[in-house]
Amino acid sequence: MVRLINAGLGRTGTTSLKAALERLGYGPSYHMFDIIGSEERLRQWEGIVCDGQPPDWETVFDGYASAADGPSAVYYAQMLEAFPEAKVILTIRDGEGWYQSTHDTLYQFALKSRETPPPAGSTQARLYRVVNTMVWEGLFHGRFADREYAIEVFRDHNQEVVNGIDPDNLLVYDVTQGWEPLCAFLGLDVPVEDFPRVNDTESMRQVIGKMSGAGPAFPE
């Protein structure tokens, strides 16, 4: 059962948070990478996002203790209805930095998929359909290229989370803060090892390149 939901948008340290949560006993942690790597999960989200099928959240997240990145940021409110005891973490960063990182990584996959559509029915085509429907045409209403508008949506999303979640059940968290606030929120001891720092912009650019053609969809 999901015990923690990350409501922060992608490129706010969500992959580092996933690694940290798994180190702290909140794993496995569901991530967009889990959708890429599974035909069944991709099919589930095609049904939810693109076809409007009512989700069975317990089935979707079966076997997972937390959810970070990807769909959880968009569907956090619905997920909380299914998992009312779950804690919520809102990962944040400055709006300008978030936009540039997202533009230079995730949005490039969208642009490449529009310019050179992947083969119909391929994993890349299906993934693009899900993400485009949920994020680029959904959350950002087809206007992500408008920097000011996209940053406004980002800030509005964060404020919506803050306004809608009981402050006792919410951690507003910048991953650069490291272990201390996260462990305090979860009531856990701080690990001796360094906080995980993964999936920086350059790493994600390499991922996007592989997704767009050469090599596997994600690194081993």
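Residues numbered from 1 in each chain as written. Predicted model: local features only at pLDDT ≥ 70, side-chain atom pairs only at ≥ 80, totals over all residues. Heavy atoms only, no water.

An unreviewed UniProt entry annotates the chain as Sulfotransferase family protein originating from Actinomadura bangladeshensis.

Undergrad: Would you mind going over the sheet that holds strand 1 (residues 4-6) in detail, with residue names and values included?
TA: Read from one edge of the open sheet, five strands run 2-3-1-4-5, paired in parallel fashion. With partners counted over all chains shown, the strands left at the sheet margins are strand 2 (29-30) and strand 5 (170-173), one partner each. Taken together, the two bridges between strand 1 and strand 3 (residues 66-67) define a ladder with parallel strand orientation. Residue pairing across strands places Leu4 opposite Ser66, the latter belonging to strand 3. In this fold helix 10 (residues 179-186) packs onto strand 1, strand 4 (87-91) and strand 5, with an angle of close to 175° to the strand it touches most, strand 5. (Pairing = 2+ DSSP bridges. Helix = DSSP H or I, 4+ residues; strand = E, 2+ residues; numbered from the N terminus. Contact = heavy atoms within 4.5 Å. Axes fitted to C-alpha atoms, helices over the stretch in contact; angles between N-to-C directions.)

Undergrad: Help me get a handle on the side chain of Asn132, residues and values and all.
TA: Positionally, Asn132 belongs in helix 8 (residues 123-139). Separated by 3.4 Å, the side chains of Asn132 and Arg114 make a polar contact. For Asn132, the residues in contact, after removing those within four places along its chain, are Arg114, Glu137 and Gly138. (Polar contact = N/O pair within 3.5 Å; in protein donor to acceptor, adjacent residues only side chain to side chain.)

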